[in-house]
Amino acid sequence: MQSVGPYRFTHMLGTCPVGKAWAAIDEQGRFVTVAVLDAAAASTPGWREAFAGTANAMSQRPGGQAFAYADFFATEPWAAYPAEAGQGAEKLFRALGQEYDPVPTEKAGSTEKDGSPEPVTGVPRQVSGPPESVSSPPQQVSAPPQPVSGAPLPTSGAPFAPWALHAGGLPTVPPAPAPASAADAPQSPAPVSAAPADPPPYDAFNAPVRRIKPSEPPPRRTGLWAGLAALVLVAAVGSGVAIWSIAGDDEPDPYTPPTAIATGTSGNAPAEPGLKPWAQATLYSPEERALAVAAPSLVFIEAVFTGYVRDTRTNALVHPQPVSFIRRCSGFVVTSDGHAVTNGSCVKPTEDHARWLAVDALARLLVQEKKLPAGQVSTYIAANLGKVRFTGVEPGTAPTSAVYGQLNTARGNVTEAPAIPAEVVRSLPEDSGNTALIKLAQGGLPAVELNPSASLAENASVRILAFTTTDVVFRNATYRPQSKLVTITGTSQRGPVSFYLVNEDLGTVSHGGIALDPAGRVAGLIYADQARPDRANRAVLPASTIAALLAEAGVGNALGDSDKLYRGGLDAYFGGDSSGAIAQLDKAAAASPANVLAQAYRQNAAERQRLESGSRAQSDTLVFVLIGSAVALLLALVLAVMLVRRRAR
């Protein structure tokens, strides 16, 4: 990502014909908005002067917008404004008379993007002449491109009916012919005389009808077979209804991982871990287990330094009041009694670095006291950095420092519980590893194992784990553990120390965090890449350097009893043994209350056990229903066969 001065751009806020507005962050984690004048406009006579004059005029105007840093002599001049004071970059461009176009944000339901603005193409045309004065800003260099919009025309129309009705007339019956009249009947002559003949005698053997009639065939047993079919149908339908009523319930399959987990049980409030491994990796996968093993040991570190800025030659105070600055980073606990490893420059910066941070803090204090224009902070630092020292109350003493650690979810600027006081035990300089060993004033903390022999190869993937924040306000920002899968892009070296380079980072306070091996052990420490202009935390220091630091301090990396119980409970949980997981995770949570994930996974195991018990009960009921239906059907068939044979006899 592009950067200017001490600022690293995070994303674009808006554009205008002569420049762009960016959101940025400095190395102290403070957020700013930066107005950058395009090189083409800056090379046009009058524009650089107008940009600088307008920024200074806004700073000096009562109620105006003061910039924190600025460089008006760069190829692309820029001015940075504190984010908490509003959109200073946008105000500067509007004060120059420019039409400002904010970068649109994604609406809900739209496809997610990576957060980077689309590039703004084109260079503004040069103006014909410089603006007449600072108070009258120049006209626009060029008109902004008109938005291209359009949506496909809607397609509408009712579908054709997939059927058609046909009708026709009924056939008619022709009328019967009329009977012939009596007049039309043929006439026959009547006999003159005739006597009736006597009937012949009855002969039974010569009768025209059959003497013996055959018996009627037996009636068809249609009713019996219909009853038998009805009985079979009733049995089958009854079995199907019973199966459907049980299997149709919404209870999950016993082997389906539960999605609503860490819900708590009766009398036990749900655990709220800062990092949920099951939400950042595939359920029940080795990646989830590795995160679950290491995450409880992650600790947020905040170091506060206070002292006085003195003139090097006379030891006179440059300012009567003390100045303070804050350093924030990540770390991890390596012993259950509170020893933790973190970044060395975070808790014990070098004298030169501490002096620069102190002069920067003093310059900002002078701006608040209206003794220094906001636009002259960088000039003040450059002019006075080589003339002063940062000391304690007395000239020969060191500045005071206070270090605090927080587990799970942390908040900045907290010195009371849940913050744990800490002291620096040993620190390695930047050219020897830039790591530090601190001692937290609390025992029973969850620890993580080191893997000094871990081997990381180029193009391999490694998961990093550290604290990060999305808050804009620096002082009271909330920090939570976060993990990310990164790729090793190469190696580098600083003095005798070799380290790995990675392609992504987790933010400004991630240095001192963990690079994990597949078993959830520490394969390396997240490190700042000093060769990058933005000094992003995209390097990994091998765990062997950390092991050497512990050996020099006489501290051994060892797991406590609660850590062993926790890992045993995780083994049972990921092995499908819910009862064993509940028993061991209960003990681990009781022995180490700081391990919130032990409580969460105990609740997960209880929820899974409940779902599995419900599924087993359903399966047993289903078996009984199926057996009963089969017996009923068999009895019906036997009864039907007996009835058929009895009728046949």
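Preceding this section is the structure that the text describes.
Being a predicted model, the structure only gives us computed values, none of them experimental.

Caption draft 1: Quick peek at the overall build of the protein chain. Scanning the protein chain from terminus to terminus reveals 13 helices and 21 strands. Of the roughly 36100 Å² of accessible surface on the protein chain, 57% is carried by carbon and sulfur atoms.

Caption draft 2: Geometry of the side chain of Asp 505. Relative to the elements of secondary structure, Asp 505 occurs in the loop between strand E18 (497-502) and strand E19 (514-516). Within the local environment of Asp 505, its side chain forms a polar contact with the side chain of Arg 538, the two groups lying 2.8 Å apart. Beyond its immediate sequence surroundings of up to four residues, Asp 505 is in contact with Arg 8, Ile 464, Lys 484, Ala 536, Asn 537 and Arg 538.

Caption draft 3: Spotlight on the nonpolar core. If you look at the biggest cluster of nonpolar residues, it comprises 55 residues, and the most contacted ones within it are Phe 332, Val 341, Tyr 566 and Tyr 601. Among the elements that make up this core, the one with the highest residue count is helix H13 (residues 596-648) (7 residues). The next biggest cluster of nonpolar side chains, apart from the first, holds 48 residues, and it includes Tyr 69, Val 323, Cys 346 and Ala 354.

Caption draft 4: Just the state of the cysteines, in detail. Following the criterion strictly, the structure yields 1 disulfide and no others. For Cys 329, the disulfide goes to Cys 346, at an S-S distance of 2.2 Å. The sign of the S-S torsion, about -85°, decides the handedness of the disulfide formed by Cys 329 and Cys 346: left-handed. Of this pair, Cys 329 sits in strand E9 (residues 323-333) while Cys 346 sits in helix H7 (residues 344-347); the two residues are 17 residues apart in sequence, bridging distant segments of the chain. For the pair Cys 329 and Cys 346, a shared accessibility class is recorded, and that class is buried.

Caption draft 5: Local environment of the side chain of Ser 330. For Ser 330, the location among the structural elements is in strand E9. There is a polar contact of 2.8 Å between the side chain of Ser 330 and the backbone oxygen of Val 509. Contacts of Ser 330, omitting those with residues within four sequence positions, involve Val 299, Ile 301, Thr 342, Asn 343, Ala 466, Phe 467, Val 509, Ser 510, His 511, Gly 512 and Gly 513.

Caption draft 6: Highlighting the packing of aromatic side chains. Summed over the entire model, instances satisfying the criterion amount to 18 aromatic pairs. When the centroid spacing of 4.9 Å and the interplanar angle of 10° are considered together, the rings of Phe 9 and Trp 22 count as stacked. With Phe 9 in strand E2 (residues 7-16) and Trp 22 in strand E3 (residues 19-26), the pair connects residues that are 13 residues apart, well separated along the chain. Both residues of the pair, Phe 9 and Trp 22, count as buried. Seen from their ring centres, Phe 300 and Phe 467 are 5.7 Å apart, and the 65° between their planes marks the pair as edge-to-face. One end of the pair, Phe 300, is in strand E8 (residues 298-311); the other, Phe 467, is in strand E16 (residues 461-468), and 167 residues separate them in sequence. A single burial state applies to Phe 300 and to Phe 467, both of which are buried.

Caption draft 7: Just helix H11 (residues 561-574), in detail. Helix length check: H11 (14 residues) gives 20 Å between terminal C-alpha atoms against 20 Å at 1.5 Å per residue, within 8%. Of all 14 residues making up H11, 10 are buried, and the element is well covered by its neighbours. Among the residues of H11, those classed as buried are Ser 562, Asp 563, Tyr 566, Arg 567, Gly 568, Gly 569, Leu 570, Ala 572, Tyr 573 and Phe 574.

Caption draft 8: Structural detail: the pattern of salt bridges. Per the stated rule, a full pass over the model turns up 21 salt bridges. Asp 534 serves as the salt-bridge partner of Arg 532, at 3.0 Å between the closest nitrogen and oxygen. Assessed through its relative accessible area of 16%, Asp 534 is described here as buried. A salt bridge links Arg 608 to Glu 612, with the shortest nitrogen-to-oxygen separation between them at 4.0 Å. Separated by 4 residues within a single helix, Arg 608 and Glu 612 lie in helix H13, roughly one turn from each other. Classification of Glu 612 by relative accessible area gives buried; the value is 15%. Each member of the salt-bridge network shares a partner with another, and the members are Asp 26, Arg 30, Asp 360 and Arg 364.

The rules we used
- Residues numbered from 1 in each chain as written.
- Predicted model: local features only at pLDDT ≥ 70, side-chain atom pairs only at ≥ 80, totals over all residues.
- Heavy atoms only, no water.
- Helix = DSSP H or I, 4+ residues; strand = E, 2+ residues; numbered from the N terminus.
- Areas by Shrake-Rupley, 256 points an atom, 1.4 Å probe, with all protein chains shown as cover.
- Polar contact = N/O pair within 3.5 Å; in protein donor to acceptor, adjacent residues only side chain to side chain.
- Contact = heavy atoms within 4.5 Å.
- Core = buried A, V, L, I, M, F, W, Y, C linked by side-chain atoms within 4.5 Å.
- Buried < 20%, exposed > 50% of the residue type's maximum accessible area, 1.4 Å probe, protein only.
- Disulfide = S-S within 2.5 Å.
- Phe/Tyr/Trp six-rings, centres within 6.5 Å; stacked < 30°, edge-to-face > 60°.
- Expected span 1.5 Å × (residues − 1).
- Salt bridge = Lys/Arg side-chain N within 4 Å of Asp/Glu carboxyl O.

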